[in-house]
Amino acid sequence: MAASATPGVAARTVIENCAIATVDADGTEHASGHVVIAGDRIESVGAGRAPDGLANVVRRVDGTGHLLTPGLVNTHHHFYQWLTRGLATESRLFDWLVALYPVWARVDEPMVHAAARGSLAMMARGGVTTAADHHYIFPRGAGDLVAAEVSAAAELGVRLTLARGSMDLGSSDGGLPPDFAVESTKDALLATEGAIDAYHDPSFGSMTRIAVAPCSPFSVTTQLMRESAELARRKGVRLHTHGSETVQEDQFCRERFGMGPTDYFESTGWLGEDVWMAHCVHMDDADIAAFARTGTGVGHCPSSNARVAAGIARVPALLAAGVPVGLGVDGTASNESGELHTELRNALLVGRLGADDPAALTVRQVLRLATRGGARVLGRDAELGSVEPGKLADLVLWKLDGIGHSTIADPVAALVLGAAAPVTLSLVGGRPVVEDGRLTTVDEAAVARAARAESRRLAEIAASA
């Protein structure tokens, strides 16, 4: 039932008759409950139907047969890779990068915009309401690639943390990327500061935030690492990079710096509560203790780690030590599905396999990684990541009464262990971005056509180079 809003009074949306996993500090759940949204915030949540007599209710949603959760939070991605899926499918990370760097170094603004729309559309259809992207390829003359991503996220209506990446260590100086794919140290720092000044919004409920994000130890100079950390702290933004992803990275750090990745990061100012790192696969007990001591976060990407045979991250040990952990899709050139909700199941299965323990991770721990954990990693856990009064109304209603979940009584187990659940409704700040499994903000067919065309154009340019 819908009604017109009263002018000057916050419109209310009521969702009721659904199971609710709040993912609050106590793990509160309701077998059948309600949520009341006023404007862009959650007003109340509880068991049973919503209270009678609520004023200015403009929409009521019957959630029978559904589970309501916080919106999913993606902590690591490379949107531009939407254009290069299905390549180098049997390569380890370094060989995969060497094969694809020459292609990626030809991206331009229309390509990045199309790729960002494709990446965001796929995630949003699967319940993502906040996404972090790590973009570190900035070819000369390519246009404004940061603006391309920000505009794409605005079109989709999802929250974006854009980690403005950089590379300044080309192959001639001992790095992995080709020389033509890197920036100078000075240019990278200036452009990163420019992105912060132009787009970073630290306010409660903001749609766009910027992080400082040199790519990796094998593509970045120590000078850029140190000065990037200084820049981020001077501007009050978060820091992001790849860390401890492969055995080869560990060997690179020991040969070049005389220490492992974690010690190297600490020596350059890259451990702290304002830092999160992608992957963190090859970490011993001392590394984990350093992350726990400093509050450094982890973006866990199980499918990508498996795709390039990087290894199995010690997520149960990270959580036991108190390390902040969220989930990440990673780039779709190493996780072609591009969907975060499939990462819940993969994180659970891979985590148990790596620990050789069927109780190493529970379904509720994994749901927390994908919601509250991701919000904490991005520094937004005061705003989102759980279903609590006062938080932003970033919510997902998952349909669990179909054949794929019909005999799983526990709705959280159904969501995590069952087939990918359809999204009936996804809200960002109370605004629908998905209705009945379809995006409401963009034409999905048009997004697919544009991405396909730009992918072909990129392949043609790279082949003729």
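For the structure itself, look to the data block above.
Definitions and limits used
- Residues numbered from 1 in each chain as written.
- Predicted model: local features only at pLDDT ≥ 70, side-chain atom pairs only at ≥ 80, totals over all residues.
- Heavy atoms only, no water.
- Salt bridge = Lys/Arg side-chain N within 4 Å of Asp/Glu carboxyl O.
- Helix = DSSP H or I, 4+ residues; strand = E, 2+ residues; numbered from the N terminus.
- Buried < 20%, exposed > 50% of the residue type's maximum accessible area, 1.4 Å probe, protein only.
- Pairing = 2+ DSSP bridges.
- Phe/Tyr/Trp six-rings, centres within 6.5 Å; stacked < 30°, edge-to-face > 60°.
- Lys NZ or Arg CZ within 6 Å of the ring centre and 35° of its normal.
- Core = buried A, V, L, I, M, F, W, Y, C linked by side-chain atoms within 4.5 Å.
- Contact = heavy atoms within 4.5 Å.
- 1 Å grid on protein atoms, 1.4 Å probe; cavity = no way out; pocket = protein on both sides within 12 Å on 5 of 7 lines; lining within 4 Å.
- Points joined across faces, edges and corners; volume = space filled by probe spheres on them.
- Nonpolar A, V, L, I, M, F, W, Y, C, P; charged D, E, K, R; others polar.

Colleague: Break down the pattern of salt bridges for me, citing the residues and quoting the values.
Modeller: Taken as a whole, this structure holds 27 salt bridges when the rule is applied. For Arg-457, the salt bridge goes to Asp-108, with nearest N and O atoms at 2.9 Å. Residue Arg-457 is found in helix H14 (residues 444-464), and its partner Asp-108 is found in the loop between helix H1 (93-104) and helix H2 (109-125); the two are separated by 349 residues along the sequence. Looking at Arg-457, the relative accessible area reads 28%, which means it is partly exposed. Close ionic contact of Glu-193 with Arg-234 constitutes a salt bridge, the shortest N to O distance being 3.1 Å. Of the two residues, Glu-193 sits in helix H4 (residues 185-199) while Arg-234 sits in helix H5 (residues 222-235), which places them 41 residues apart along the sequence. When its relative accessible area of 55% is taken as the criterion, Arg-234 is described as exposed. Here the residues in one salt-bridge network are Glu-193, Asp-197, Arg-234 and Lys-235, joined through shared partners.

Colleague: Got a sec to walk through the pairing of strand S11 (residues 275-279)? Specific residues and values, please.
Modeller: Taken residue by residue, a regular strand's side chains alternate between the two faces of the sheet. Taken across its five residues, S11 has five buried, putting it largely inside the fold. Here strand S10 (residues 239-243) pairs with S11 via five bridges, running parallel. If you follow Thr-241 over to S11, its bridge partner there is Met-277. Sheet analysis places S11 next to strand S12 (residues 297-300), joined by three bridges and oriented parallel. In the strand pairing of S12, Met-277 is matched with Val-298.

Colleague: Pulling in residues and values, what's your account of unusual backbone geometry?
Modeller: Despite not being glycine, Ala-88 shows a phi value in the positive range, around 45°. Inspection of the secondary structure puts Ala-88 in the loop between strand S6 (72-74) and H1. The class for Ala-88 is partly exposed, based on a relative accessible area of 22%. Positive phi is not limited to glycine here, since Ser-244 has a value of about 50°. Within the element layout of this structure, Ser-244 appears in the loop between S10 and helix H6 (247-257).

Colleague: Kindly report on the packing of aromatic side chains, identifying the contributing residues and their values.
Modeller: Tallying each qualifying case throughout the model produces nine aromatic pairs. When the centroid spacing of 5.3 Å and the interplanar angle of 70° are considered together, the rings of Trp-96 and Trp-104 count as edge-to-face. Overall, the relative accessible area of 0% leaves Trp-104 in the buried class. One aromatic cluster is present, built from ring pairs that chain together Phe-94, Phe-218, Phe-252, Phe-257, Tyr-264 and Phe-265. One Lys or Arg, Arg-85, reaches over the ring of Trp-82 and ends 3.8 Å from the middle of that ring. Note that Arg-164 overlies the ring of Phe-138, its terminal NZ or CZ placed 3.5 Å from the centroid.

Colleague: An account of the nonpolar core is needed here, citing residue identities and associated values.
Modeller: Core analysis: the largest hydrophobic core is formed by 118 residues, its most contacted members being Tyr-101, Trp-104 and Leu-120. Discounting residues that sit within four places of it in the chain, Trp-104 has contacts with Tyr-80, Gln-81, Thr-84, Trp-96, Leu-97, Tyr-136, Ile-137, Pro-139 and Ala-333. Of all hydrophobic cores here, the second largest spans 14 residues; its members include Val-387, Leu-395, Leu-397 and Leu-425.

Colleague: Tell me what's going on with the layout of surface pockets, and back it up with residues and numbers.
Modeller: In this structure, the largest pocket occupies an estimated 250 Å³ of space. As for the largest pocket, its lining consists of Leu-319, Gly-322, Val-323, Pro-324, Val-325, Gln-365, Arg-368, Leu-369, Arg-372, Gly-373, Arg-376 and Asp-381. Per-element accounting of the lining of the largest pocket gives the leading share, six residues, to helix H12 (residues 363-377). Here the lining of the largest pocket is composed, by residue class, of five nonpolar, three polar and four charged.

Colleague: Tell me what's going on with the environment of Val-57, and back it up with residues and numbers.
Modeller: Positionally, Val-57 belongs in strand S4 (residues 57-62). Overall, Val-57 belongs to the buried group, its relative accessible area being 11%. For the pair Val-57 and Val-36, spaced 21 residues apart in sequence, the C-alpha to C-alpha distance is 9.2 Å.

Colleague: Residues and numbers for empty space enclosed by the protein, please.
Modeller: In this approach, a probe sized like a water molecule rolls over the atoms, and the result shows the empty space that is left. In this structure the tally under the stated criterion is one cavity of 30 Å³ or more. Its volume calculated, the largest cavity comes out at about 140 Å³. Residue lining of the largest cavity: 17 residues in total, with Leu-93, Trp-96, Leu-97, His-242 and Glu-245 positioned closest to the centre. Sorting elements by how many residues they give to the lining of the largest cavity places H1 first, with four residues. Considered class by class, the residues forming the lining of the largest cavity number eight nonpolar, seven polar and two charged.

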